[in-house]
Amino acid sequence: ASLDRMGLDQVEIAQAHWSAQRFQPWQERPLWEGLADCYDLGLCRAVGLSNFGPQQLDKCLDYMDSRGVPVALDQVQFSLLSTAPLQSGLIDLCRERGITPIAYSPLALGALSGKYSLDKLPKGPRGLVIGQVLKGARELTGTIEDIARARRRTPAQ
């Protein structure tokens, strides 16, 4: 139905936004099977993943390889404040397995954008998170602001 609405026969990538392993582990294998089925039916040219850590990514890649399904990418949170993909070995695994890692939230949910300060936080849960992040990142945010000022740009630029 979605392909019909878009006027397409096929999309480039069918992507899973989260691994189900931590939340509903019994759904993990059916998630992989569904993505592989989309490829087998010609509905997509490749599969993409998001928020898969190195262990789960490796397992999923083995499964997709067994079905002959190309996995193009793993989209993960990555910023100067969120370097887990480097520390966990995920980036190395992507390189080894031919997967493109794609970073999202490079400004750490806005914490590095210059938009927020400890005196000016967004409302709700996001404000609580950004407030905690900013408390521990004063040196980094100061450096970013200095660089931006010297280049006559905003921190986000």
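Structure: above.
Residues numbered from 1 in each chain as written. Predicted model: local features only at pLDDT ≥ 70, side-chain atom pairs only at ≥ 80, totals over all residues. Heavy atoms only, no water.

Draft legend 1. Quick look at the sheet that holds strand S1 (residues 11-16). If you walk across this open sheet you meet the four strands as S1-S2-S3-S4, and the pairing is parallel. With partners counted over all chains shown, the strands left at the sheet margins are S1 and strand S4 (100-104), one partner each. Averaged over all pairs of adjacent strands, the angle between strand axes in this sheet comes to 30°, irrespective of strand direction. Bridge count for S1 against strand S2 (residues 44-50) is five bridges, and the pairing is parallel. In the strand pairing of S2, Gln-15 is matched with Gly-48. (Pairing = 2+ DSSP bridges. Helix = DSSP H or I, 4+ residues; strand = E, 2+ residues; numbered from the N terminus. Axes fitted to C-alpha atoms, helices over the stretch in contact; angles between N-to-C directions.)

Draft legend 2. Molecular detail of the nonpolar core. Ranked by size, the top nonpolar core spans 23 residues in total, and within it Leu-35, Val-47, Leu-49, Leu-57, Met-64 and Val-71 carry the most contacts. The dominant element in this core, judged by the number of residues it contributes, is helix H3 (residues 54-67), at five residues. With near-sequence residues (within four places) excluded, Leu-57 lies in contact with Leu-49, Phe-52, Asp-74, Leu-90, Leu-93 and Cys-94. In this structure, Ala-108, Ala-111, Leu-112 and Ile-130 belong to the second largest nonpolar core, which totals seven residues. (Core = buried A, V, L, I, M, F, W, Y, C linked by side-chain atoms within 4.5 Å. Buried < 20%, exposed > 50% of the residue type's maximum accessible area, 1.4 Å probe, protein only. Contact = heavy atoms within 4.5 Å.)

Draft legend 3. Main features of the environment of Asp-74. By secondary structure assignment, the location of Asp-74 is in strand S3 (residues 71-77). Looking at Asp-74, the relative accessible area reads 0%, which means it is buried. C-alpha of Asp-74 to C-alpha of Gly-53: the two residues are 21 residues apart in sequence and 9.0 Å apart in space. When near neighbours in sequence (up to four residues on either side) are disregarded, Asp-74 contacts Leu-49, Ser-50, Asn-51, Phe-52, Leu-57, Leu-90, Cys-94, Ile-99, Thr-100, Pro-101 and Ile-102. A distance of 3.4 Å separates the side chain of Asp-74 from the backbone nitrogen of Phe-52, its partner in a polar contact. (Polar contact = N/O pair within 3.5 Å; in protein donor to acceptor, adjacent residues only side chain to side chain.)

Draft legend 4. Expanded view of the packing of helix H2 (residues 28-40) against H3. Packing of H2 against H3 leaves a shortest axis separation of 11 Å and a crossing angle of 40°. Relative to H3, the element H2 is oriented oblique. Of the two possible hands of crossing, H2 and H3 adopt the one that is right-handed. Side by side, H2 and H3 meet where Glu-28, Arg-29, Trp-32, Glu-33, Leu-35, Ala-36, Asp-37 and Asp-40 of the first sit next to Gln-56, Lys-59, Cys-60, Tyr-63, Met-64 and Arg-67 of the second. When the residues that make up the contact of H2 with H3 are grouped by side-chain class, the tally is six nonpolar, one polar and seven charged. (Parallel < 35°, antiparallel > 145°, perpendicular 65-115°, else oblique. Left-handed = near helix turned anticlockwise from the far one by under 90°. Nonpolar A, V, L, I, M, F, W, Y, C, P; charged D, E, K, R; others polar.)

Draft legend 5. Just the pattern of salt bridges, in detail. Taken as a whole, this structure holds nine salt bridges when the rule is applied. With a shortest N-O distance of 2.9 Å, Arg-95 and Asp-92 are connected by a salt bridge. Here Arg-95 pairs with Asp-92, and both are found in helix H5 (residues 90-97), just three residues apart, close to one helical turn. Taking the relative accessible area as the measure of exposure, Arg-95 reaches 59% and is therefore exposed. (Salt bridge = Lys/Arg side-chain N within 4 Å of Asp/Glu carboxyl O.)

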